[in-house]
Amino acid sequence: MKIYEVKDITEADFGCEESGRKEPVALLKLIESESVNGEAKYVEVTESDIEKRGISEGKKVIITGDGTVLKYVRVVAAVIRDKDKIFATARGYGEFKGWWEFPGGKIERGETPEEALKREIREELTAEIVVGDLIHTIEYDYDTFHLSMDCFWAEVTGGELILKEAEAAGWLTKEELDSVKWLPADLGLVKMIGEKLA
């Protein structure tokens, strides 16, 4: 999967009527993130899709197999384990309010995934953790963005798990994993974790 940075957005279609298009489009100038020579790629995207997907200059995007441009979001998640149980939270906001996930969040510029995870758990749950092995990196296309999520085993080493953003939380056994409604991107991870729990 190639990741691009949006270098420029220009209006490519001044009048829908003349071109036969149903809505205005813009031209995205993209540079591959890992590119050495910085060769540009140009892609047309409707202005409504740019707004709906939160695409702007400086953001990272991917192009799906069908040509859809999606904002690229890189996050980390902690699978906090205590013997035969794992800790999960129910989202307290947004489109997926009430759906369950593993706590974590975005990686800030200059952070390693492990540093980001420690910071996110401190901010969201007021606890200190030790980050263990990487379980898996999930790549998942939602309607408006592509999620790349590094998922790590973790253990609480200090403080208590106090909810600051989630609406609910719980320690789940292997048998209880299917008792909650998981975010779509987390479903594959839940299966992997179930296989590793005693």
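(A) Representation of the overall build of the chain within the structure. Counting its secondary structure elements, the chain contains 4 helices and 11 strands. C-alpha extents for the chain along the principal axes are approximately 65 × 35 × 30 Å. Out of the 198 residues belonging to the chain, those deemed buried represent 41%. Long-range pairs, those at least 24 residues apart, make up 60% of the contacts in the chain with a sequence separation of at least 6. For the chain, the exposed area adds up to about 11,100 Å²; of that, 46% sits on carbon and sulfur atoms. On the chain, the mean spot of the 27 positive side-chain charges and the mean spot of the 42 negative ones are 2 Å from each other.

(B) Region of the structure containing the nonpolar core. Of all hydrophobic cores here, the largest spans 27 residues; its most connected members are V79, I86, F102, W182, L189 and I193. Sequence-distant contacts of F102, that is, excluding residues within four places in its chain, are made with A77, A78, V79, I86, F87, W182, D186, L189, V190 and I193. Counting residues in hydrophobic clusters, the runner-up holds 14 residues, among them A78, I107, A127 and V131.

(C) Focus on the pairing of strand β1 (residues 4-11). Note that β1 and strand β2 (residues 25-32) share 7 bridges and pair antiparallel. Paired with I9 across the bridge in β2 is L28. Across 2 bridges, the pairing between β1 and strand β4 (residues 60-63) is antiparallel. Looking at the pairing, E5 lines up with K60 of β4.

(D) Molecular detail of the environment of L125. In this fold, L125 is placed in helix α3 (residues 113-125). Since its relative accessible area comes to 2%, L125 is described here as buried. For L125 and E165, which are 40 residues apart along the polypeptide, the C-alpha to C-alpha distance reads 8.1 Å.

What counts as what
- Residues numbered from 1 in each chain as written.
- Predicted model: local features only at pLDDT ≥ 70, side-chain atom pairs only at ≥ 80, totals over all residues.
- Heavy atoms only, no water.
- Helix = DSSP H or I, 4+ residues; strand = E, 2+ residues; numbered from the N terminus.
- Buried < 20%, exposed > 50% of the residue type's maximum accessible area, 1.4 Å probe, protein only.
- Contact = heavy atoms within 4.5 Å.
- Areas by Shrake-Rupley, 256 points an atom, 1.4 Å probe, with all protein chains shown as cover.
- Lys, Arg positive; Asp, Glu negative; His and termini not counted.
- Charge placed at Lys NZ, Arg CZ, Asp CG, Glu CD.
- Core = buried A, V, L, I, M, F, W, Y, C linked by side-chain atoms within 4.5 Å.
- Pairing = 2+ DSSP bridges.

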